[in-house]
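Observations on the three-dimensional arrangement
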Amino acid sequence: MIIMAGTLDFLSINVWHILMAIGNLLILVLILKKFLFKPVQKILKEREEEIGKTYSDADKALSEANAEKELYLKKLDDAKSEADNMIKTASERAKAESAEIISDARAEAERRRRNADEDIELAKKKAADEMRDSISEMVISLAEQVVEKEIDPKAHESLIDDAIESLGE
Amino acid sequence: MSNIEVNGAKILLELPFGISITETQVNMWLVMAAIAAVCAWLTHGLKVRPTSKRQIIAEYIVKTAENFVTGNMGARWKWFTPYIAALFSLAMFSSLISLLGMYPPTSDLNTTMGWALMTFVLITFYKIKTNGPLGYAKSLTEPIFIMTPMNILGEIATPISMAFRMFGNVASGTVVSLLVYAALAAANNALFGWLPGILGEMAGKLPILQLGVPAILSLYFDVFSGVLQAFIFCMLTMLYIASAAETSD
């Protein structure tokens, strides 16, 4: 090995130097592959995968959310119709009950009115009987005084009654 | 007038079997080490959800390179991206290294010839793979048999023209810069050298005129030309290989 100070000609061809230039180029290809292209391409691929995963996750979540939304809408509808049903039956029942109460009240009122009528009739009859009795006594005493003779009430009772009847009521 | 000497790369180490290590190789290794270091720095601690600017830059570089390759060659050539990326970065930074005052490996014909031969091998490989060995041999005799030597010359001309295009651009930049620098030194000497006594001697040696112009030239020859030639080399490589792999029928 000799260290030499000298220069090549401006234009020179040296097979070893040509081979070294090719070798250097190929080595640099390997260097760039290992230190630049491989790592960057790896990271780009990973990113692509992550983005793809994110997209599919988002799609999945969206479809799930849509399905749940459908479910909730259906449930909401069901609840609404159920509530409607409940209100309807409740109001029907209330109507029926109120009708029953009213008819009961009417019947009660009718019954009470009838009782009152009967009472009134009874009282009237009683009053009329009393009046007739006192009138017949009065008539008898009057007639006794007129004929100055005792009138046997038993004997004339029917007569007197007829008289009072004809006086009217 | 100073003597101007245009030389190739300095030989740093001579090994047996005629192998020698020159500035070309050493500088290329430096470039490769720098690229590797930058890549390793950009891609350490990558996260699926990026939090660092480094990662965004790394992803941008990878995507841009992939789009560059698939845009020119088609989607089925995506696996080819690291080769083009390596070629482009190595060619570009090997030219740009001259901004640091170092010898650009791309101004050594051996470098560009090596890369061009690599392209040639790939072109030929895909032509043979696509058309079969017989089909490839037959394509050289078309349209008529007498054109065979011309066709073979055409095949060989592709890598040679690619190698010399890049080499010529970078090396000529160095040469032109050298010439302009020398010319400016001479003009500087002539302009200020007439001052009397020691003053003239000093002013004549001070690089006054050399201040601005070489910087502008360097902007073209080192930056613009270096990037452009790397781009052209990659484009040609991609287009040649893609068309070589295309079925002719």
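Residues numbered from 1 in each chain as written. Chains lettered and ligands numbered in written order. Predicted model: local features only at pLDDT ≥ 70, side-chain atom pairs only at ≥ 80, totals over all residues. Heavy atoms only, no water.

**Notes on a negative patch on the surface**
Residues and elements named next belong to chain A. Formally: Like charges within 9 Å and nonpolar side chains (Val, Leu, Ile, Met, Phe, Trp, Tyr) within 5 Å are joined into patches, using only residues over 30% in relative accessible area that form no salt bridge. Methods summary: accessible areas were calculated by the Shrake-Rupley approach with a probe of 1.4 Å, and residue burial reflects only the protein chains presented. Whenever Lys or Arg places a side-chain nitrogen within 4 Å of a carboxyl oxygen from Asp or Glu, that contact is recorded as a salt bridge. Residues counted as positive are Lys and Arg, residues counted as negative are Asp and Glu, and His and the chain ends are not counted. All charge positions are set by atom: Lys at NZ, Arg at CZ, Asp at CG, Glu at CD. Put simply, DSSP H or I for four residues or longer makes a helix, DSSP E for two residues or longer makes a strand, and each gets a number counted from the N terminus. Exposure categories follow from relative accessible area, calculated using a 1.4 Å probe and restricted to protein chains: below 20% of the type maximum is buried, above 50% is exposed, and the middle band is partly exposed.
On the surface, Glu130, Asp133, Glu137, Glu157, Asp161 and Asp162 cluster together to form a negatively charged patch. Elements supplying a minimum of two residues to the negative patch: α1 (15-147) and α2 (153-167). Note that Glu130 resides in helix α1. The class of Glu130 is exposed, set by a relative accessible area of 52%.

**Some details on empty space enclosed by the protein**
All names here are of chain B. Operational definition: Grid spacing is 1 Å over the protein atoms alone, the probe is 1.4 Å, and a cavity is where that probe fits but cannot get out, while a pocket is an open set with protein on both sides within 12 Å along at least five of seven lines and lining residues have an atom within 4 Å of a point. Grid points are joined across faces, edges and corners, and a volume is the space filled by probe spheres set on the points.
Scanning the entire structure with this criterion turns up one cavity of 30 Å³ or more. There is about 30 Å³ of room inside the largest cavity. Every residue lining the largest cavity is listed: Met162, Arg165, Met166, Gln229, Ile232, Phe233 and Leu236. Elements that contribute at least two residues to the lining of the largest cavity include exactly α5 (148-192) and α7 (213-245).

**Looking at the pattern of salt bridges**
Residues and elements named next belong to chain A. Tallying each qualifying case throughout the model produces eleven salt bridges over all chains. Linking Arg132 and Asp129 is a salt bridge whose minimum nitrogen-to-oxygen distance equals 2.6 Å. Placement of both Arg132 and Asp129 in helix α1 is noted, with a separation of three residues, approximately one turn of the helix. Among the charged side chains, a network of salt bridges with common partners joins Glu110, Arg113, Arg114 and Asp117.

**Looking at the confidence of the model for chain B**
Put simply, the test is: Summary of the metric used: pLDDT quantifies the predictor's per-residue confidence within the range 0 to 100.
In the predicted model, chain B carries a mean pLDDT of 83, and the fraction of residues at 70 or more is 90%. Averaged over each element, pLDDT in chain B is lowest for helix α6 (residues 197-205) of chain B (67) and highest for helix α3 (residues 81-96) of chain B (90).

**A few points about the packing of aromatic side chains**
The condition is simple: Stacked, edge-to-face and tilted are the three classes for Phe, Tyr and Trp ring pairs, Trp counted by its six-membered ring, which pair at centre distances within 6.5 Å; planes under 30 degrees apart are stacked, over 60 edge-to-face, the rest tilted. Charge over a ring is defined by NZ of Lys or CZ of Arg lying within 6 Å of the ring centre and within 35 degrees of the ring normal.
Taken as a whole and judged by the stated rule, the model has ten aromatic pairs over all chains. Arranged with centres 5.5 Å apart and planes meeting at 35°, the rings of Tyr220 of chain B and Phe224 of chain B form a pair that is tilted. Placement of the pair is Tyr220 of chain B and Phe224 of chain B together in helix α7, with a separation of four residues, close to one helical turn. Taking the relative accessible area as the measure of exposure, Tyr220 of chain B reaches 42% and is therefore partly exposed. Under the relative-accessibility criterion, Phe224 of chain B is labelled partly exposed at 45%. Of the aromatic side chains, those joined through ring pairs into one cluster are Trp77, Trp79, Phe80, Tyr83, Phe125 and Tyr126 of chain B. One cation-aromatic arrangement involves Lys34 of chain A over Phe35 of chain A; the distance from NZ or CZ to the ring centre is 5.5 Å. In this structure, Arg54 of chain B packs its charged tip against the face of Trp41 of chain B, placed 5.8 Å from the ring centre.

**So, the nonpolar core**
Rules: To form a nonpolar core, buried Ala, Val, Leu, Ile, Met, Phe, Trp, Tyr and Cys residues must be joined to one another through side-chain atoms within 4.5 Å. The contact criterion used is simple: two residues touch if any of their non-hydrogen atoms lie within 4.5 Å.
Judged by nonpolar contacts, the single largest core of 61 residues is most densely connected at Leu32 of chain A together with Phe80, Tyr83 and Trp115 of chain B. Counting only elements with at least two residues in this core, the list comes to α1 of chain A together with α1 (23-43), α2 (53-73), α3, α4 (109-140), α5 and α7 of chain B. Setting aside residues up to four positions removed in sequence, Trp115 of chain B forms contacts with Ala21 and Leu25 of chain A together with Met28, Tyr83, Leu87, Leu90, Ala91, Ser94, Thr106, Met166 and Phe233 of chain B.

**Quick notes on the packing of α1 of chain A against α1 of chain B**
Let me state the cut-off plainly: Only C-alpha atoms enter the line fits that serve as axes; for helices the fit covers just the stretch in contact. Angles between N-to-C directions range over 0 to 180 degrees. By definition in this entry, angles of less than 35 degrees are roughly parallel, angles greater than 145 are roughly antiparallel, angles of 65 to 115 are roughly perpendicular, and the rest are oblique. Here the term charged refers only to Asp, Glu, Lys and Arg, the term nonpolar to Ala, Val, Leu, Ile, Met, Phe, Trp, Tyr, Cys and Pro, and the term polar to all other amino acids, Gly among them.
At a closest axis distance of 9 Å, the pairing of α1 of chain A and α1 of chain B adopts a crossing angle of 5°. Judged by the angle between their axes, α1 of chain A and α1 of chain B are roughly parallel. Contacts between α1 of chain A and α1 of chain B involve His17, Met20, Ala21, Asn24, Ile27, Leu28, Ile31, Leu32, Phe35, Leu36, Pro39 and Val40 of chain A from the former and Gln25, Met28, Trp29, Met32, Ile35, Ala36, Cys39, Ala40 and Thr43 of chain B from the latter. For the contact of α1 of chain A with α1 of chain B, the residue count by class is 17 nonpolar, four polar and no charged.

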